[in-house]
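Report on the structure
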Amino acid sequence: MGAVGGERYVVEVTATVSDAELVRVAQVVAEELGQVPERFEVLLDGHIGPVTKPLPLVSAERVTEVLRAAGVEATMIGEVAPSSAPSTRRSG
């Protein structure tokens, strides 16, 4: 079952990639996602946290799968669709 409406998901890295593995991981991920390895070397170098903008479910699953296959600890975090997000701002 897919995402309803405009729900989006962010892919997050949950553990750093070791310096020894960074170049190899970046090459594998870049090849699978059709990007240049340098982009992923910069993105994954010592980084923990979000590595994508909000994506549709299928795209987020693909990125997560590729990262995990390359040895990166990654997960998807669901976001509430903008139209139904509760307001967290206070008036005043």
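In what follows, the structure referred to is the one given above.
So, here's what we can say about the structure.

Rules used in this analysis
- Residues numbered from 1 in each chain as written.
- Predicted model: local features only at pLDDT ≥ 70, side-chain atom pairs only at ≥ 80, totals over all residues.
- Heavy atoms only, no water.
- Pairing = 2+ DSSP bridges.
- Helix = DSSP H or I, 4+ residues; strand = E, 2+ residues; numbered from the N terminus.
- Contact = heavy atoms within 4.5 Å.
- Axes fitted to C-alpha atoms, helices over the stretch in contact; angles between N-to-C directions.
- Core = buried A, V, L, I, M, F, W, Y, C linked by side-chain atoms within 4.5 Å.
- Buried < 20%, exposed > 50% of the residue type's maximum accessible area, 1.4 Å probe, protein only.
- Parallel < 35°, antiparallel > 145°, perpendicular 65-115°, else oblique.
- Left-handed = near helix turned anticlockwise from the far one by under 90°.
- Nonpolar A, V, L, I, M, F, W, Y, C, P; charged D, E, K, R; others polar.

**Here's the deal with the sheet that holds strand S1 (residues 8-13)**
Taking strand neighbours across the sheet as the criterion, the three strands line up as S2-S1-S3 in an open arrangement whose pairing is antiparallel. Strands at the two margins of the open sheet, each flanked by one partner only, are strand S2 (49-50) and strand S3 (74-79). Both S1 and S3 contribute to a ladder of six bridges, which runs antiparallel. Bridge pairing links Val13 to Ala74 in S3. Strands S1 and S3 of the sheet are contacted by helix H3 (residues 57-69), whose axis makes an angle of about 165° with S3.

**A word on the nonpolar core**
Of all hydrophobic cores here, the largest spans 21 residues; its most connected members are Val11, Val25, Val29, Leu44, Leu67 and Val72. Elements that contribute at least two residues to this core include exactly S1, helix H1 (19-33), helix H2 (37-44) and H3. Apart from the residues within four sequence positions on either side, Val72 is in contact with Val13, Val17, Val25, Leu44 and Leu67.

**Topic: the packing of H1 against H2**
Closest axis-to-axis distance for the H1/H2 pair is 8 Å, and the angle between their directions is 125°. Judged by the angle between their axes, H1 and H2 are oblique. Pair H1 / H2 crosses with right-handed handedness. Here H1 contributes Leu22, Val23, Val25, Ala26, Gln27, Val29, Ala30 and Leu33 to the contact with H2, which in turn contributes Pro37, Phe40, Glu41 and Leu44. Classifying every residue of the contact of H1 with H2 by side-chain character gives 10 nonpolar, one polar and one charged.

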